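Residue-level structural notes
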Amino acid sequence: MNLEGGVWPVADPEPFTIGDPGRAYSGTHYGAPFGEAMPSNTECDGFDFLGWSIRAASIRGIVHRQFSDPRQDAYAVRYSEAADRIVLAVCDGVGSAQLSHKAARCVADRLSGLALTSGLLPDIDWVELFFRASDEVVDIAAAVSRDVETAADARRIMATTAHVVVIDGLAASGPWHGVSASVGDSTAWKATSVEGPSFDAWEQIAKPTSAEEAEFAGNATSSIPLIDAAGIAVQPIDVDPNGLLIVCSDGVSDAFVGGVGQVPLALGEVWASPPSALNFAAHVGYGRRTQTDDRTCIALWSPT
């Protein structure tokens, strides 16, 4: 930042609010440090390569700060030049289990690593990948408690949702093809620009097709460790040139109902082009009344 005319320019974007931020946004502080290693309050990254841009951020929510609980979300971004593949993973730890931040971190790292090296997209065995990550969470839980023998036992200690997006052929011209694989209510969205430079049209990937499914999706109980494979949802996706794809926890997507409204439109405007990683983190942690959960989002801008 340069000093011009003897005045420092105002740094964008904090405080970044959308609509009424509520009193908790400015009134809830961060509390005391933890007595052991815990996830940082804020984590963010930025990457630019081959015409692609990626921004990622995970923010400790107001409610967790208020009660001195750790951030339970996690993300992973993995890229293989040899395979010409990108993997994006978002995990949202289940709040009712005390050590869910450990499950989220484990699954984000494990699934992204497995997906990066699993061969051609049509050949990926997602059931196997999710169960391998699930088994690792059970092992971690068993190391904490002697009462853990099954996935159901482990869920009482730690559990997480997971949404993974894999895209191949990044060095080629678009459109590009990929796969979305998920367990639970973390979601992915595609954005397009209808008028002007802003992204003002959002489409949910794996959108529920009925009112009953929509209600279930909004109150998802599917999580890792897995009890069975019924909760694994897999579908192909396409990424168009000059587009924006996001993968996010429900702390962000709960305000994206139908892809319309203040939040998706406001974020589509500030994400018309990739911001800095720090500004992206502030955007993800926007202030809005009643939205107090952890927030995690990975955004992928495709080349023109």
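What you see is a predicted model; the values in this text were computed from it and never measured. (Residues numbered from 1 in each chain as written. Predicted model: local features only at pLDDT ≥ 70, side-chain atom pairs only at ≥ 80, totals over all residues. Heavy atoms only, no water.)

**A short note on the pattern of salt bridges**
Quick note on the threshold: One speaks of a salt bridge when a side-chain nitrogen belonging to Lys or Arg is within 4 Å of a carboxyl oxygen belonging to Asp or Glu. Starting at the N terminus, helices and strands are each numbered in turn, a helix being any DSSP run of H or I of at least four residues and a strand any DSSP run of E of at least two.
In this structure the tally under the stated criterion is nine salt bridges. E136 is the salt-bridge partner of R110, the closest N and O atoms lying 3.0 Å from each other. Taken together, the residues R110 in helix 3 (residues 100-116) and E136 in helix 4 (residues 126-144) connect sequence positions 26 residues apart. Within the structure, one salt-bridge network assembled from shared partners comprises R78, R105 and D109.

**Side note on the sheet that holds strand 8 (residues 201-205)**
Threshold: Only when DSSP finds a minimum of two bridges between them are two strands counted as paired. Between the N-to-C directions of two axes lies an angle of 0 to 180 degrees, each axis being a line fitted to C-alpha atoms and, for a helix, fitted only over the stretch in contact. It only takes one pair of heavy atoms within 4.5 Å for two residues to be counted as in contact.
On the basis of which strands lie adjacent, the open sheet formed by six strands has the order 1-2-11-10-7-8 and antiparallel pairing. What marks the edges here is a single partner per strand, and that holds for strand 1 (42-49) and strand 8. Averaged over all pairs of adjacent strands, the angle between their axes in this sheet comes to 15 degrees, without regard to strand direction. The sheet contact formed by strand 7 (residues 187-192) and strand 8 spans five bridges and is antiparallel. From the neighbouring strand, W189 faces strand 8, where its bridge partner is Q204. The strands touched by helix 9 (residues 277-284) are strand 1, strand 2 (52-59) and strand 11 (295-301); relative to strand 2, the strand with the most contacts, the crossing angle is about 50 degrees.

**Observations concerning the packing of aromatic side chains**
Put simply, the rule reads: Centres within 6.5 Å make a pair out of two Phe, Tyr or Trp rings, where for Trp the six-membered ring is used; the pair is then stacked when the planes are under 30 degrees apart, edge-to-face when over 60, and tilted otherwise. Only protein chains enter the area calculation, which uses a 1.4 Å probe; residues under 20% of their type maximum are buried, those over 50% are exposed, and those in between are partly exposed.
Enumeration according to the criterion identifies seven aromatic pairs in this entry. Seen in terms of ring centroids, W52 and W176 are 4.7 Å apart; in terms of plane orientation they differ by 65 degrees. Their pairing is edge-to-face. Separated by 124 residues along the polypeptide, W52 in strand 2 and W176 in strand 6 (residues 176-183) bring together distant segments of the chain. The pair W52 / W176 is uniform in exposure class, with both members buried. On the numbers, 5.1 Å between centres and 85 degrees between planes, the contact of W202 with F256 is edge-to-face. One end of the pair, W202, is in strand 8; the other, F256, is in the loop between helix 7 (250-253) and helix 8 (262-270), and 54 residues separate them in sequence. No difference in accessibility class separates W202 from F256, as the two residues are buried. Aromatic ring contacts, followed pair by pair, group W189, W202 and F256 into a single cluster.

**Notes on unusual backbone geometry**
Backbone torsion omega between G174 and P175 reads 5 degrees, so that peptide bond is classified as cis. If you trace the backbone, P175 turns up in the loop between strand 5 (162-168) and strand 6. Look at the link from I224 to P225: it is a cis peptide, with omega at 15 degrees. Positionally, P225 belongs in the loop between helix 6 (211-218) and strand 9 (232-239). Of note in this structure, S68 is not a glycine but carries a positive phi near 55 degrees. By the element assignment, S68 lies in the loop between helix 2 (62-66) and strand 3 (73-80). Taking the relative accessible area as the measure of exposure, S68 reaches 42% and is therefore partly exposed. Positive phi is not limited to glycine here, since N242 has a value of about 55 degrees. Tracing the chain through its elements places N242 in the loop between strand 9 and strand 10 (244-248).

**Looking at empty space enclosed by the protein**
Applied cut-off: A cavity here means a set of points on a 1 Å grid, drawn over the protein atoms and nothing else, where a 1.4 Å probe fits but cannot get out; a pocket is an open set with protein on both sides within 12 Å along at least five of seven lines, and a residue lines either one if it has an atom within 4 Å of a point. Grid points are joined across faces, edges and corners, and a volume is the space filled by probe spheres set on the points. Three classes are used: nonpolar for Ala, Val, Leu, Ile, Met, Phe, Trp, Tyr, Cys and Pro, charged for Asp, Glu, Lys and Arg, and polar for all others, with Gly counted as polar.
Inspection of the entire model under this criterion finds one cavity of 30 Å³ or more. Its volume calculated, the largest cavity comes out at about 70 Å³. K190, A191, T192, D238, V239, D240, G243, L244 and L245 together form the lining of the largest cavity. With three residues, the single largest contributor to the lining of the largest cavity is strand 7. Its residues placed into classes, the lining of the largest cavity shows four nonpolar, two polar and three charged.

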